[in-house]
There are 2 protein chains.
Amino acid sequence: MNIVLLSGGSGKRLWPLSNEVRSKQFIKIFNGGKQSMVERVYCQIKSADPNARITIATSKSQVSAIHNQLGSGVAISIEPCRRDTFPAIVLAAAYLHDVEKISKDEVIVVCPVDPYVDDGYFETLKKLALHAANAKANITLMGIEPTYPSEKYGYIIPENKADISKVTEFKEKPDKVTAERYISRGALWNGGVFAFKLDYLLQKSSEILGVCDYWRLLNGYADFKKISFDYAVVEREKCIDVLRYNGEWKDLGTWNTLTEVMEQPVIGKGIMNENCKNVHIVNETGMPIVAMGLKDVVISASPDGILISDKEQSSYIKPYVDGIEQQIMFAEKSWGSYRVLDADKNSLTIKVTLKEGCAMNYHSHRLRDEVWVVISGKGRTTVDGMEQEVSVGDVITVQRGCKHKITAITNLQLVEVQLGEEITVGDKIKHGESGEQ
Amino acid sequence: MNIVLLSGGSGKRLWPLSNEVRSKQFIKIFNGGKQSMVERVYCQIKSADPNARITIATSKSQVSAIHNQLGSGVAISIEPCRRDTFPAIVLAAAYLHDVEKISKDEVIVVCPVDPYVDDGYFETLKKLALHAANAKANITLMGIEPTYPSEKYGYIIPENKADISKVTEFKEKPDKVTAERYISRGALWNGGVFAFKLDYLLQKSSEILGVCDYWRLLNGYADFKKISFDYAVVEREKCIDVLRYNGEWKDLGTWNTLTEVMEQPVIGKGIMNENCKNVHIVNETGMPIVAMGLKDVVISASPDGILISDKEQSSYIKPYVDGIEQQIMFAEKSWGSYRVLDADKNSLTIKVTLKEGCAMNYHSHRLRDEVWVVISGKGRTTVDGMEQEVSVGDVITVQRGCKHKITAITNLQLVEVQLGEEITVGDKIKHGESGEQ
C-alpha cells in the first residue's frame, strides 16, 4: 500500500502545547507521554501493513520534528510553502512517481496524520486501496459512520447503505437537524481519506496546475493558488465510490477530544486530590502542578504558558490565545532542541541540546554577541575557522560578526547567553554549509 | 505607641507563593501586586500613628525580605532560631528596653503582622495601649467580634458585653455548636493582640526563663523551650481585660481568604474568558495563564509550581504540597534576588540580580565551578584577591576553591552557571567579610 499522510499546519487550538512552530500531531500525549499522534498512526500503519510505503506530505518547518520522532529514514514530500491540500497531494504524488519511481497504475491512499482510530481503520484503508485498484470509480473515499449529528464535519451522501456505494453528493457542515436527516439517509462523515490511481491525479495536476512533473511542481509551488483537494477534485468528480468505516474515529483537534483518549489522567508532574473528577493534566514544564477539587477541567502547561479550561469550553480558546504575543520558548531542531530560560531586555538565555554527531550550521549574527557555557558532553566548536574541542565548563565567547558552530561529539548541552540591543530569530547569516539552526 | 509586630514563620498553605524560605506576609497581593501584607500593615500603623515605634520580631531568614520591603531603617528583633511566641515577644521587649532604652513603664502592644484589617483596627490598638497604661489589669487583649461561629479560632469569654470587660476564661477552638453558645454569651475571637507594660513582661521573663537581659536572652535563646505567649502568660494570668473590636478582621491564611481581599481578579499575566466566575489568578511567572469557564477557583503560579484549586478546598493543600520535594527556585536577598533558570544533573543555571551598591559576600565553593556572564549593569568582581571592573558581556570563570564576590556599581544582572557533581546550598565557605549570600 502506498500511503500519503498529510501532516497539516500548526495552530493554537491545543495551546500551550501547539503553537506556530509546533503542530498538535507532535505532542506526546499517548503511552504516558511517550508517543505522539504521528508516531501512533505510523506504528498502526506499519502493524497493519509492514510493507506499506509511507510518504509524509508536510512543510519544511515540520521536517526536524518528523525525523526526531519517526527516524531519519522516513520519506517526506516537503512543500516549499503552504498551498492547501490539492497542491500538497499533487506534489507528494509526483514525488512518488518521479523520485520513488512508482508506476502510474499504482493506487495512492491519502489520509490525515491526526485522527485517533483503532486498528480496523487501517484494515479499511487496505480495502480502500484494493477497491480503488479494481473499481471503475476515479476516487474511492472512506466514509465514517457518524456517531452523532455533528455540525463540524462535511457529509457524504451515498446512493445506498451498502458497504461500498456510489456517492450521490457532498454536503457542507450542516446544522444539527439537517445532519440528523442526512444520517437517516445513510450519510457518512467525510474524514478526508481517499484513494486513487497515481495516473488520475497526475492528469488532474496537468489540467489544473498545468504541470505534473515533480521538479517543475516544486519550482512553481509558491505561485499555485491555495486550493483544497475536496474543492479542486472531489466535488467536481462524477465517478466516486465510498467505503463505509464504522470503527473508532476521533478528530483530536481540541483539548476536550484529546483528553478523552489519554490513557492516564496525568502526563508530567501533577498531583490531584481525591475531589478532582474528570480532570486531565498535561505538563511539559518541570514545575509541579497541584489540582484541588476541580471537575471536567483540562490543565496544560508548557514553557509557552498555562491553560486551565473547562473541557467543554476548551474548544473556544483560539481568540484568547491568539492575542498572546510571545516568543517561541521551545523548539525541536534536526540537531536537537532549544529552550528559552530567560528573556530580558537586552539578553536572551537559552539551553541548547545537541544530539551526538549533530551540528548546528555555521552562522553569524549582526547584532548580538553570544556566550556558550558547556554544561554536559563533549563537542567541537568552530569560531572564525578556529577549531577547538570543548567539554563541561568550557566557555566560548562569540562576538557579533564571528562565524561559529558547534558539533556534538557526544550528546551535548550548553547554556547560551545572547547579548544585544536587538535579539531576533531573523538575525542570522549562514555561511558555506547547508543545514538549519 | 510601641508596637511589636510578630512576623511569623513560613509554611506551605499559600503554596506556590509561600514556601520554606518565603512567608505569606511578603507576597505582593494588594494594590495590583504592588503591596504585601507586611507593607500594608506597616503603612496602616504609620497612618494611624505617625510616631508609632514599630519593632518587627522575626527570624534571621526574613530580615532581607523585611529590609527589601520596608527599607533598611526598620527596627528588627531577630530571633536566633524559632522558639514560639513567648521567647520571641520577650526578646523583642528586652530589645526595646536594653537597646532602644524604652522605660519599663511604657506599654507595648503586640500583634501579628498578617491580619487583614481596616483602619479602625489601629484606632483600637491605640485605645488598647491607653487602657493598658491606666488599668489595673496586667494584660489587655483585643477581642474580635465574631462574624460566624468559627471552629478555627480560640475564644475569649468576657465577664460582660461592655466595650471593655474583665476576661472570665479562654476557650480553645470549639466545634460549631459550642462556638454558637460562646457567641451568644458575648465571646470574642482571640486574634493574638495584647498590650502590657514592659515591666510586667520582663518580670515574666525572669520568672519563666530565668533572665530578662537582652544579650543574655539572645545568647541563651537556642536553649529555651518552644512555648506560646498564650500558654506561658495569658492563660495563667488572673487579671486580664479585653477590649472589643468590631471592624473588619480577616486571617489571610488560605487562598480562599486571601483572594477575598484582592482588589483585582488577576495579578501578573492572566486572561479569563467571560464564563469564569469568582476566579482569581496570581501569577509570579512570566508565562501567560489562560482560564476558561472556571467557577470559584484560585490559580496561583510561581517558579516553585502551579496551584489550581477550588477556593473552598484550597484550605487543604498542605499534605499535597508537603510531598513536593523541590529546590528553592526564587529567593530575596539583602543584596537583591536570585532565580533558578534551569536545574540539570550536574549543573544549575541561575539569574542573579544585585542592587546598586550591594555586594554578595566573599566566598568559595568546594565542589563546584561557576561561570558568570554579566547581562546588564556594571560591577566589580574580586576573584582570589584580583579586582576587575565588569560590564555587559564580560565572563568570569571561578574554579572550585577560588574566593569570589561581585559588587554592583549600578543595578546589575548576571547569569551564573554552576557546574559540579554535587551542587548544594550548603557548599559555601565565607571569607573575611560578614554578610550573606
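Quick caveat, the model's predicted, so the values are computed rather than measured.

Draft legend 1. Seen up close, the packing of aromatic side chains. In total, this model carries 28 aromatic pairs over all chains according to the counting rule given. Note on Tyr121 of chain A and Tyr245 of chain A: the rings are 5.5 Å apart at their centroids and 80° apart in plane angle, and the pair reads as edge-to-face. Residue Tyr121 of chain A is found in helix 4 (residues 119-134), and its partner Tyr245 of chain A is found in strand 12 (residues 240-245); the two are separated by 124 residues along the sequence. In terms of burial, Tyr121 of chain A and Tyr245 of chain A fall into one category: buried. Between the aromatic rings of Tyr121 of chain B and Phe122 of chain B, the centroid separation amounts to 5.0 Å while the plane-to-plane angle is 80°, which identifies the pairing as edge-to-face.

Draft legend 2. Region of interest: the sheet that holds strand 22 (residues 347-354) of chain B. Residue and element names in this part refer to chain B. Within the open sheet, the six strands sit side by side as 20-21-22-29-24-27. Their pairing is antiparallel. Two strands close off the open sheet at either side, each with one partner strand: strand 20 (330-333) and strand 27 (395-398). Across this sheet, the average inter-strand angle for adjacent strands is 20°, counted without regard to direction. Bridge count between strand 21 (residues 336-344) and strand 22: eight bridges; the pairing is antiparallel. Its bridge partner being in strand 22, Ser337 is matched across the sheet by Thr353.

Draft legend 3. Region of interest: the pairing of strand 26 (residues 386-391) of chain B. All names here are of chain B. Across six bridges, strand 25 (residues 378-383) lies against strand 26 in antiparallel orientation. Residue pairing across strands places Thr381 opposite Gln388, the latter belonging to strand 26. Connecting strand 25 to the next strand, strand 26, in antiparallel fashion are two residues, including Asp384 with a positive phi near 50°.

Draft legend 4. Region of interest: the side chain of Thr178 of chain B. Residue placement: Thr178 of chain B occurs in helix 5 (residues 176-184). Take Thr178 of chain B: its relative accessible area is 16%, and that puts it in the buried class.

Draft legend 5. Here's a closer look at the packing of helix 3 (residues 85-98) of chain A against helix 6 (residues 198-209) of chain A. Residue and element names in this part refer to chain A. Packing of helix 3 against helix 6 leaves a shortest axis separation of 10 Å and a crossing angle of 125°. Between helix 3 and helix 6, the angle is such that the two are oblique. Between helix 3 and helix 6 the crossing geometry is left-handed. Residue-level contacts link Phe86, Ile89, Val90, Ala93, Ala94 and His97 of helix 3 to Leu198, Leu201, Leu202, Lys204, Ser205, Ile208 and Leu209 of helix 6. Class assignment for the residues of the contact of helix 3 with helix 6 results in 10 nonpolar, two polar and one charged.

Draft legend 6. Quick look at the sheet that holds strand 15 (residues 270-272) of chain A. Across the sheet, six strands lie side by side as 15(A)-17(A)-19(B)-18(B)-16(B)-14(B); this open sheet has mixed pairing. The strands lining the two open edges of the sheet, one partner per strand, are strand 15 of chain A together with strand 14 (266-267) of chain B.

Draft legend 7. Region of interest: the interface of chain A and chain B. Taken together, the contact pairs 54 residues of chain A with 54 residues of chain B. Considering only the side of chain A, the residues that lose the most area to chain B are Met292, Ile308 and Tyr320 of chain A, jointly responsible for 18% of the buried surface there. Our count for the chain A to chain B interface comes out at six salt bridges. Our enumeration of links across chain A and chain B arrives at 24 residue pairs in polar contact (both at pLDDT 80 or more). A per-element tally of the side of chain A that touches chain B places strand 19 (residues 305-310) of chain A first, with six residues. Across the side of chain A that touches chain B, the residue classes break down as 32 nonpolar, 15 polar and seven charged. Pairing between strand 19 of chain A and strand 17 (residues 289-292) of chain B: four bridges, direction parallel. If you follow Ile308 of chain A over to strand 17 of chain B, its bridge partner there is Ala291 of chain B.

Draft legend 8. Representation of unusual backbone geometry within the structure. Residues and elements named next belong to chain A. The omega torsion of the bond from Trp15 to Pro16 falls at 5°, within 30 degrees of zero and hence cis. Here Pro16 is to be found in the loop between strand 1 (2-6) and strand 2 (28-30). For Asn278, which is not glycine, the phi torsion reads 55° and is therefore positive. By the element assignment, Asn278 lies in strand 16 (residues 277-283).

Draft legend 9. Main features of the pattern of salt bridges. Applying the stated criterion across every chain yields a total of 36 salt bridges over all chains. Asp342 of chain A serves as the salt-bridge partner of Lys351 of chain B, at 2.8 Å between the closest nitrogen and oxygen. Residue Lys351 of chain B is found in strand 22, and its partner Asp342 of chain A is found in strand 21 (residues 336-343); the two belong to separate chains. Comparing Lys351 of chain B with Asp342 of chain A, the two get one shared label, buried. Taken together, the salt bridges that share partners define one network made up of Arg339 and Lys351 of chain A together with Asp342 and Asp344 of chain B.

Draft legend 10. Representation of the side chain of Gln44 of chain A within the structure. Position of Gln44 of chain A among the secondary structure elements: in helix 1 (residues 37-48). Once you skip the residues sitting within four places of it in the chain, Gln44 of chain A turns out to touch Val117, Asp118, Asp119 and Phe122 of chain A.

Draft legend 11. A look at the relation of the copies chain A and chain B. Rotating chain A by 180° and moving it 0.0 Å along the rotation axis overlays it on chain B with an RMSD of 0.1 Å. On the angle and the small slide along the axis, the relation comes out as a two-fold axis. Among all residues of chain A, the minimum C-alpha distance to the rotation axis is found for Leu341 of chain A, at 2.7 Å. A high fraction, 100%, of the interface residues of chain A reappear at the interface in chain B, so the copies pair face to face through one surface.

Rules used in this analysis
- Residues numbered from 1 in each chain as written.
- Chains lettered and ligands numbered in written order.
- Predicted model: local features only at pLDDT ≥ 70, side-chain atom pairs only at ≥ 80, totals over all residues.
- Heavy atoms only, no water.
- Phe/Tyr/Trp six-rings, centres within 6.5 Å; stacked < 30°, edge-to-face > 60°.
- Helix = DSSP H or I, 4+ residues; strand = E, 2+ residues; numbered from the N terminus.
- Buried < 20%, exposed > 50% of the residue type's maximum accessible area, 1.4 Å probe, protein only.
- Pairing = 2+ DSSP bridges.
- Axes fitted to C-alpha atoms, helices over the stretch in contact; angles between N-to-C directions.
- Parallel < 35°, antiparallel > 145°, perpendicular 65-115°, else oblique.
- Left-handed = near helix turned anticlockwise from the far one by under 90°.
- Contact = heavy atoms within 4.5 Å.
- Nonpolar A, V, L, I, M, F, W, Y, C, P; charged D, E, K, R; others polar.
- Buried area = accessible area lost by both parts, 1.4 Å probe.
- Salt bridge = Lys/Arg side-chain N within 4 Å of Asp/Glu carboxyl O.
- Polar contact = N/O pair within 3.5 Å; in protein donor to acceptor, adjacent residues only side chain to side chain.
- Least-squares fit on C-alpha atoms with pLDDT ≥ 70 in both.

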